[in-house]
Each structure stands twice: as C-alpha cells, then as structure tokens.
Amino acid sequence: MHPHIARLHAIASKGTRRIIGLMSGTSLDGLDIALCEVSGAGLSTEARLVAFATEPYDEGYREKIRSVFSRRDVDLQTVCLLNPWVGRFHADLILKQLQRWEIEPKDVDLIASHGQTIYHAPRSLHGDPDYPNATLQIGDGDHMAERLGVITISDFRQKHLAAGGEGAPLAAYGDLYIFSDPGEDRVMLNIGGIANLTFLPKSQSMSDVYCSDIGPGNTMMDALMQASGGAAFDADAAVARAGGVHGGVLAALKDHAFFEAPFPKTTGPELFNLDYWKAATSSVGAGALSLEDAMATLNQFAADMIVRALQHCLNDRPNAAIYASGGGVHNPLLMDRISAALPQVTIGSTDALMINPDAKEAVLFAVLANECVAGDGRGAERGGPAMPSTTMGKVSFAD
C-alpha cells in the first residue's frame, strides 16, 4: 500500500480525529480557525470544538484579495500568484495559532480548508447557457500541506459543482450530521456576507432537508461602510440606528427575480453589491441618502429577506427551532428586526448547541473533511444523504 493511502487509512481508523476547519468569508475580516475533535461519520458524527480563534487579516491581505474579488476583469497573473500565496499565508496564520495553543502540527490529523472565494458564478448569475455553474476559491491546498506538514483537504465546492450543484451553500451536510435532532425540527440560520439557511427535519431524512442562500446578510452593509471611509462594518448597528428606512429604496432592493426563485438557490456579492444599491436608489430617484439612512435601509432589507425565508420554513413546521450563527448575530438591530417580525418563535444561537456561532462555518468544513476521510458513502441507507459526490475535496499530502 502506498504510504499516503496507509496514512489516510490510519486516520480514518482512529476513534477520534483532530481536524482544523478553516473559513475565510467575503467580509475579509480574518481566518476562522476551529480545532475540532471529530468521531464517527454520517448521522453518527460527533464534533467537539476544542479551541477557536479568528486570525485577523492585515490591510495588505485585504488589498490583494479585493484586487480580484468579485471582479470580471482582473489580471490573470495576479490570480495565478495569489493562489499559492493565500495557501501559504493561511498556513502561517495556523502555525501562529497552534503555537498560542501549544499544539504541534504533528498532533493534527487533517486541515480542512475552504480557501478564499474570489468569484461565484452559478448559471443563474452568469446567464450563459453554454457554461455550467462555477465558483472559484484560491489558497492552494498543496502549498498549505507542505508548509504545515499536515494532510490538507480543500476545494470542496468543485465536487459539488461537478455533481450538478451550484457550489453553495454546502452547509446542509455538516448541519445534518451534527445539528439534526430526532426530537426537534430545526432551522440553522447563518448570517455571513450572504445569509443562508438549512432546514433540518426531526425525521433526519435527507429528502426533507433543504439548504439555500437567502440574499445579502452583511455584505452590502459592510461594503457601504468601507466605501464611505468609515469602519469595516457598522459596530453595534450604531450608524443604522441613527437613520431612517427609505421605503421606496427598500421596495426597489426587494424587486429582483432572485427573491422569487424557489429554494435551493445561491448568490453572492457578484449580484448584491454597491452597484445593486446604486441601481435601486436611482430607480426611485432617491438621490444621495445620508450614510445613516442608507445603512438603516440596508439593515431592514437584510432583515426582511431573512424573515421571508424563515417564514417559508415555518409555514409547514411552525414549531421549528431557529439557531443563528455568523457575524450577523452581532448586529443587534438586524437581530431585533428579525425577532420582531417573528414573535411566535424564539431565535437562539448555536451556542445552545455547544458550537460558538462565530466558529460554526469552520466547524462544518472540519465535518466535511471527516466525511471525506472516514465516511462510508452509505448515508441514504441510514435515512441520510449519500455523500461521496459532495464531500470529496482535493487531498494534499505533506511529503
């Protein structure tokens, strides 16, 4: 047996695997690093978050990524150079964090790397019938593996595309395996740059599970704050609270075919960006809104679209519990507006399920890596999904 295969077999045979899950989102605030202990597979998966940290990005990193992020006309040499550079940069951040945790890389079984999305192009966005759904993440796993000396699994989204999906959201599989409960219907709401949700029936049957993007979470609010020369985001919604919602602009923001499309669907900052905002204000002759009024309107827009999606889930399962995660849970005005529109339900956070809401997405990638190595692909026989075509990332060995 080849030593690489033998190493994977040894990891798969362990009772518990130590896996670091990584997430770097569209907000470009930092690299989420979740050290997890994962056992079992499929619906028998158990994941314990051992340690978590977000390694903040410096402005140099942000500038490099922004030069190619969600842009159709970019320098190909820059994209080519950034792919290994991001992999090494992320590896160095992991090494720093492991030192703080006093953990040696050799004591980690796997790295599960999401990479850095620079362009998301489902057919619903690119509109060209000659091309399939596509998405692109940079941060090469081979460079990470060499730098860290740890087997790295990356590029999870490409297999999802090849199997006929849109490459996002991938949360359904990890959510089902670690958050579903036979005693409770659940909705896992994640409010990142783009908001998404997973509906988890207490039947734990994949035929009743669905996962979909909702629309903008933080992405447009963050972009407007940054473009206005202010902070990277609206801390504690202080700016939005000081403004008033412009009803005409709000209606224009909601007037898009994406919101009428059925679940599942996916989107990104390629659609929901400042150009979208400018088109909405222009369409109703709103002129230049103050930053406060603009942020209040965008906050209400995100809240209303999230509420609409949650109501869709609650139509058939009115007693479903909602658990939120992602950066949006720290926006008090956004969360207050969502809760006020759904007085019949209580919206908790994944803290109640023993997972830090800031760490949840990184933990889910650790679960996907676990399934890639230790899953048996027989989920459907146990009432869950058959997963091999959606969890098999690129495996990079450390030579």
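All of these numbers come straight from a predicted model, not from anything done at the bench.

What counts and what doesn't
Residues numbered from 1 in each chain as written. Predicted model: local features only at pLDDT ≥ 70, side-chain atom pairs only at ≥ 80, totals over all residues. Heavy atoms only, no water. Helix = DSSP H or I, 4+ residues; strand = E, 2+ residues; numbered from the N terminus. Buried < 20%, exposed > 50% of the residue type's maximum accessible area, 1.4 Å probe, protein only. Contact = heavy atoms within 4.5 Å. Polar contact = N/O pair within 3.5 Å; in protein donor to acceptor, adjacent residues only side chain to side chain. Phe/Tyr/Trp six-rings, centres within 6.5 Å; stacked < 30°, edge-to-face > 60°. Lys NZ or Arg CZ within 6 Å of the ring centre and 35° of its normal. Pairing = 2+ DSSP bridges. Right-handed = clockwise from strand over helix to strand, strands pointing away. 1 Å grid on protein atoms, 1.4 Å probe; cavity = no way out; pocket = protein on both sides within 12 Å on 5 of 7 lines; lining within 4 Å. Points joined across faces, edges and corners; volume = space filled by probe spheres on them. Nonpolar A, V, L, I, M, F, W, Y, C, P; charged D, E, K, R; others polar. Axes fitted to C-alpha atoms, helices over the stretch in contact; angles between N-to-C directions. Parallel < 35°, antiparallel > 145°, perpendicular 65-115°, else oblique. Left-handed = near helix turned anticlockwise from the far one by under 90°.

A.B. asks: So what's going on with the environment of Arg337? Residues and values would help.
C.D. replies: If you trace the backbone, Arg337 turns up in helix H14 (residues 332-341). For Arg337, a relative accessible area of 18% puts it in the buried group. Contact partners of Arg337, with chain neighbours within four places excluded, come to Val245, Ala296, Asn299, Gln300 and Ala303. A polar contact is formed between the side chain of Arg337 and the backbone oxygen of Ala296, at a distance of 3.2 Å. A polar contact is formed between the side chain of Arg337 and the side chain of Asn299, at a distance of 3.0 Å.

A.B. asks: Hey, could you go over the packing of aromatic side chains for me, with residue numbers and the actual values?
C.D. replies: Each pair of aromatic rings is reported with the distance of its centres and the angle of its planes. Tallying each qualifying case throughout the model produces 15 aromatic pairs. Between Tyr276 and Phe301 the ring centres are 6.4 Å apart and the planes differ by 15°, which places this aromatic pair in the stacked class. Remark: Phe301 occurs in helix H13 (residues 291-316) and Tyr276 occurs in helix H12 (residues 274-283); sequence separation between them is 25 residues. Judged by its relative accessible area of 1%, Phe301 falls in the buried class. Ring pairs connect the aromatic residues Phe258, Phe259, Phe272, Tyr276 and Phe301, which therefore count as one cluster. Across from the ring centre of Phe258, 4.6 Å away, lies the NZ or CZ of Lys265, which sits over that ring.

A.B. asks: Describe in detail the pairing of strand E10 (residues 321-325), supporting the description with residues and values.
C.D. replies: In terms of residue burial, E10 counts as a mostly covered element, since five of its five residues are buried. Residues of E10 alternate between two faces, with Ala321, Tyr323 and Ser325 on one and Ile322 and Ala324 on the opposite face, all of them buried. Here strand E7 (residues 186-191) runs beside E10; their pairing, made up of five bridges, is parallel. Paired with Met188 across the strands is Tyr323, a residue of E10. Examined bridge by bridge, E10 and strand E11 (residues 347-349) share three bridges and lie parallel to one another. Each bridged residue has a counterpart across the sheet, and for Tyr323 the counterpart in E11 is Gly348. Regarding topology, H14 serves as the crossover connection from E10 to the parallel E11, and that connection is right-handed.

A.B. asks: Could you give me a rundown of the side chain of Lys360, with the residues and numbers involved?
C.D. replies: By secondary structure assignment, the location of Lys360 is in helix H15 (residues 360-374). For Lys360, a relative accessible area of 1% gives the class buried. Setting aside its immediate chain neighbours within four residues, Lys360 contacts Asp175, Phe179, Met188, Asn190, Ser325 and Ile355.

A.B. asks: Give me the side chain of Thr117: which residues, what numbers.
C.D. replies: For Thr117, the position within the fold is in strand E4 (residues 110-121). At 3.1 Å, the side chain of Thr117 forms a polar contact with the side chain of Gln137.

A.B. asks: Before we move on, could you go through the layout of surface pockets and cite the residues and values that matter?
C.D. replies: Reported here for the second largest pocket is a volume of approximately 820 Å³. Surrounding the second largest pocket, 30 residues form its lining, Phe69, Ser70, Pro269, Glu270 and Asn273 being those nearest its centre. Secondary structure elements with two or more residues in the lining of the second largest pocket: E4, helix H4 (123-126), helix H8 (219-227) and H12. A total of five residues in the lining of the second largest pocket trace back to one element, the largest contributor, which is H8. A class-by-class count of the residues in the lining of the second largest pocket yields 14 nonpolar, nine polar and seven charged.

A.B. asks: Summarise helix H7 (residues 171-179); cite the residues concerned and give the values.
C.D. replies: In terms of burial, H7 is a largely internal element, eight of the nine residues being buried. Residues of H7 that are buried: Ala171, Ala172, Tyr173, Gly174, Asp175, Leu176, Tyr177 and Phe179.

A.B. asks: Can you tell me about the pairing of E7, naming the residues and giving the values?
C.D. replies: Here E7 lies mainly inside the structure; six of its six residues are buried. Side chains of E7 alternate between two faces, with Arg186, Met188 and Asn190 and Val187, Leu189 and Ile191 buried alike. In terms of strand pairing, E7 meets strand E8 (residues 194-200) through six bridges, oriented antiparallel. From the neighbouring strand, Asn190 faces E8, where its bridge partner is Asn196. Turn length for the E7-E8 hairpin, with the two strands adjacent in sequence and antiparallel, is two residues.

A.B. asks: Tell me what's going on with the packing of H8 against H13, and back it up with residues and numbers.
C.D. replies: One way to put it is that H8 packs onto H13 with a least axis distance of 9 Å and a crossing angle of 165°. The angle between the axes of H8 and H13 places the two elements in the roughly antiparallel class. Every pair of crossing elements has a handedness; the one defined by H8 and H13 is left-handed. Contact residues: H8 offers Met220, Met221, Leu224 and Met225, while H13 offers Leu291, Ala294, Met295, Leu298, Asn299, Phe301 and Ala302. Of the residues that constitute the contact of H8 with H13, the class distribution is 10 nonpolar, one polar and no charged.

A.B. asks: Requested: an account of the sheet that holds E11, with residues and values cited.
C.D. replies: Read across the open sheet, the five strands follow the order E9-E8-E7-E10-E11; overall the sheet is mixed. The open sheet has two edge strands, strand E9 (210-216) and E11, and neither has a second partner. The sheet shows a mean angle of 25° between the axes of neighbouring strands, direction not considered. Direction of pairing for E8 relative to E9: antiparallel, over a ladder of six bridges. Counted as the bridge partner of Ile194 is Pro216 from E9.

It is worth stressing that arrangement in space is one thing and function is another; only the former is reported here.
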